Each structure stands twice: as C-alpha cells, then as structure tokens.
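Observations on the model geometry
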Amino acid sequence: MKTPEEWMRDFEAKIADAQAKAAAVQEGLAQAGGSASSNDGTITVSVAPNGALTGLELTADAMRKSHAQLSGEILEIARKAQRGAAVKVAETFAAVEGEGSETYRVITEYLPPPEEEEQPKPAGYAFNEEYEERAATAAPPPPVRRPAPRPGDDDDDFGGDSIFKKQ
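Quick caveat: nothing in here was measured; it's all calculated off a predicted structure.

**Digging into the pattern of salt bridges**
Applying the stated criterion across every chain, the model contains eight salt bridges. Aspartate 40 serves as the salt-bridge partner of lysine 65, at 3.1 Å between the closest nitrogen and oxygen. Remark: aspartate 40 occurs in the loop between β1 (34-37) and β2 (43-47) and lysine 65 occurs in the loop between β3 (53-58) and α2 (67-97); sequence separation between them is 25 residues. On the basis of relative accessibility, which here comes to 15%, the residue lysine 65 falls in the buried class.

Encoded structure:
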C-alpha cells in the first residue's frame, strides 16, 4: 500500500508528464499549418492546422488563366495544403502518444485521401489553348438514340375525346 507521500509523488509525476505532452502538442500544432503551390508556381495556398484557409497568393500569370481553370486549381491546391496540415497534426500526436494510441487512430481515420497524380481532364468547353488540346484528344460523343414513336401516337391533344363527356 502506498503512503500518502508516495501517492502525491506519483500524482505530481503524472501531472508533469501531462503538462509536457500538452506543451509538445501545442508546439506541434502551432507548426502544423500547411501550404501548397501549383506546379507552375502561380498559385500558393496556406492553411491552419484545422484546414482553414489562411492565405492565397496569385501571381499576375495566374490571373491570365480562365476563371474555371483558376478556381479549379485553387481548390486542388487547397486540398493538398489541407492534407499536408492534417498529416502534420497526426504526426504531432504520434510523437506524443505513439502510433498505436487511440488518439492517433481516431485522427488518422479522418485524414483526407492523398491526391492522385495528374488525371486527364474531361472533354468539354474551353475558350483558349485547352480547347485545341481537348479537341485533338477527345473522342466524339456517342450518337443520341431517341425512341421510335408508338403507332397511333400523333402527339396532339385534339383527338376528339373530351374529358367532359359522360362515359
């Protein structure tokens, strides 16, 4: 059986350990923000550890892109930055609690999936150089097949039958 002094010493050691872990988590989270840039360096997005957008930098060259292309790239880069921040948060908890801990498991369970590498863009409308690239590589759309009209379906409402006649 422990004496009150031993119990108090153990309790104070646990408190000191918890304070050290809390300080390590706080320091790790302070540095866990993320940022990502486009391949051409025209767009840079910064996020906080919780994934909230904290900065967006666009160069003059970025402003020459179409609005659809620019917004798409911003969203893609923001997702990369958010994933980077989430991974840093998970690494912070892994360093403190260990990768086998329940805390680490819960945090990593919600990590955004890694972005897949360059995927081909779907064929569609574009009003710049992209149009020529897409037109050269896109297959023509399949022909639209419409159902044949049913016999006797003259597609008009004046067939002579009145809804007001007694049957």
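**Re the packing of helix α1 (residues 4-30) against α2**
Axis separation between α1 and α2 bottoms out at 9 Å; the angle between their running directions is 160 degrees. What the angle tells us is that α1 and α2 run roughly antiparallel. The interaxial crossing formed by α1 with α2 has right-handed handedness. Residues Lys21, Ala24, Val25, Gly28 and Leu29 of α1 touch α2, and the partners they reach there are Val89, Thr92, Phe93, Val96 and Glu97. Across the contact of α1 with α2, the residue classes tally to six nonpolar, two polar and two charged.

**A word on the packing of aromatic side chains**
All told, the structure shown has one aromatic pair when counted by the stated rule. Relative to phenylalanine 11, the ring of tryptophan 7 has its centre 5.5 Å away and its plane inclined at 0 degrees; by these criteria the two rings are stacked. With tryptophan 7 and phenylalanine 11 both in helix α1, this residue pair falls four residues apart, about one helical turn. We classify tryptophan 7 as exposed; its relative accessible area is 51%. For phenylalanine 11, a relative accessible area of 39% corresponds to the partly exposed category.

Calculation notes
Residues numbered from 1 in each chain as written. Predicted model: local features only at pLDDT ≥ 70, side-chain atom pairs only at ≥ 80, totals over all residues. Heavy atoms only, no water. Salt bridge = Lys/Arg side-chain N within 4 Å of Asp/Glu carboxyl O. Helix = DSSP H or I, 4+ residues; strand = E, 2+ residues; numbered from the N terminus. Buried < 20%, exposed > 50% of the residue type's maximum accessible area, 1.4 Å probe, protein only. Axes fitted to C-alpha atoms, helices over the stretch in contact; angles between N-to-C directions. Parallel < 35°, antiparallel > 145°, perpendicular 65-115°, else oblique. Left-handed = near helix turned anticlockwise from the far one by under 90°. Contact = heavy atoms within 4.5 Å. Nonpolar A, V, L, I, M, F, W, Y, C, P; charged D, E, K, R; others polar. Phe/Tyr/Trp six-rings, centres within 6.5 Å; stacked < 30°, edge-to-face > 60°.

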